[in-house]
Amino acid sequence: NISSVAGRKVFDNHSVYCGTKFAVHALTDQMRAEAAAFDVRFLTIAPGVVETELLGHTTNSDIIEGYNQWKATLQDGKGLVSADVAEAIAYAYNQPQRVSIREIVLAPTRQGP
């Protein structure tokens with residue numbers, strides 16, 4: 001399941017977003033517990049900032065400006081790309097069936113906690 005680092009720590013003014021991401025973590029943990037006896041593996045992917053069109057749906061200029069200022073602190077002002085996340089998923093999936101990678105948290109190197 002795809003979550004976010006916001007499912008591991010809270011961010012000011014993002015209570016609903018963080019709450020939904022914490023829920024993804026909890027649901028995945030419980031589904032894993034219920035399905036383990038059947039050798040079903042569940043993985044939570046929790047990426048940090050990823051280059052997406054997410055802000056294209058935001059009309060609040062303060063949110064966009066604040067996000068862009070924060071993102072400028074990252075290396076080259078860029079987040080992860082979707083291929084970074086896909087490679088992490090492939091890594092977990094390609095493990096032997098006896099191995100269950102339960103969670104991968106990945107973020108740009110310069111992204112804070």
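Above this note sits the structure.
Predicted model, so just to flag it, every value in this text is computed and none were measured.

Draft legend 1. Inspection of the pattern of salt bridges at higher detail. Enumeration according to the criterion identifies three salt bridges in this entry. The closest approach of N and O atoms between Arg32 and Asp29, which form a salt bridge, is 2.9 Å. One end of the pair is Arg32 and the other is Asp29, both in helix H1 (residues 15–35) and three residues apart, which spans about a single turn. Measuring nitrogen to oxygen at the nearest pair gives 3.1 Å for the salt bridge that ties Lys71 to Glu51. One end of the pair, Lys71, is in helix H2 (residues 61–71); the other, Glu51, is in the loop between strand E1 (44–47) and H2, with 20 residues separating them in the sequence. Under the relative-accessibility criterion, Lys71 is labelled buried at 14%.

Draft legend 2. Quick peek at the layout of surface pockets. Taken as a whole, the largest pocket spans an internal volume of roughly 1100 Å³. Around the largest pocket, the lining is made up of 33 residues, and of these His14, Tyr17, Val49, Leu54 and Tyr67 lie nearest the centre. Looking at the lining of the largest pocket element by element, the count peaks at five residues for H2. When the residues that make up the lining of the largest pocket are grouped by side-chain class, the tally is 15 nonpolar, twelve polar and six charged. In this structure, the second largest pocket spans a volume of roughly 170 Å³.

Draft legend 3. Highlighting the environment of Glu103. Its place among the elements puts Glu103 in strand E2 (residues 103–106). Glu103 gets classed as partly exposed once you look at its relative accessible area, which sits at 31%. Here the alpha-carbon distance between Glu103 and Thr44, two residues 59 residues apart in the chain, equals 4.7 Å. Those residues in contact with Glu103, other than ones at most four positions away along the chain, are Arg8, His25, Leu43, Thr44 and Ala46. Polar side-chain contacts of Glu103 include one of 2.7 Å to the side chain of Arg8. Of note is the side chain of Glu103, whose polar atom sits 3.4 Å from the side chain of His25.

The rules behind these values
Residues numbered from 1 in each chain as written. Predicted model: local features only at pLDDT ≥ 70, side-chain atom pairs only at ≥ 80, totals over all residues. Heavy atoms only, no water. Salt bridge = Lys/Arg side-chain N within 4 Å of Asp/Glu carboxyl O. Helix = DSSP H or I, 4+ residues; strand = E, 2+ residues; numbered from the N terminus. Buried < 20%, exposed > 50% of the residue type's maximum accessible area, 1.4 Å probe, protein only. 1 Å grid on protein atoms, 1.4 Å probe; cavity = no way out; pocket = protein on both sides within 12 Å on 5 of 7 lines; lining within 4 Å. Points joined across faces, edges and corners; volume = space filled by probe spheres on them. Nonpolar A, V, L, I, M, F, W, Y, C, P; charged D, E, K, R; others polar. Contact = heavy atoms within 4.5 Å. Polar contact = N/O pair within 3.5 Å; in protein donor to acceptor, adjacent residues only side chain to side chain.

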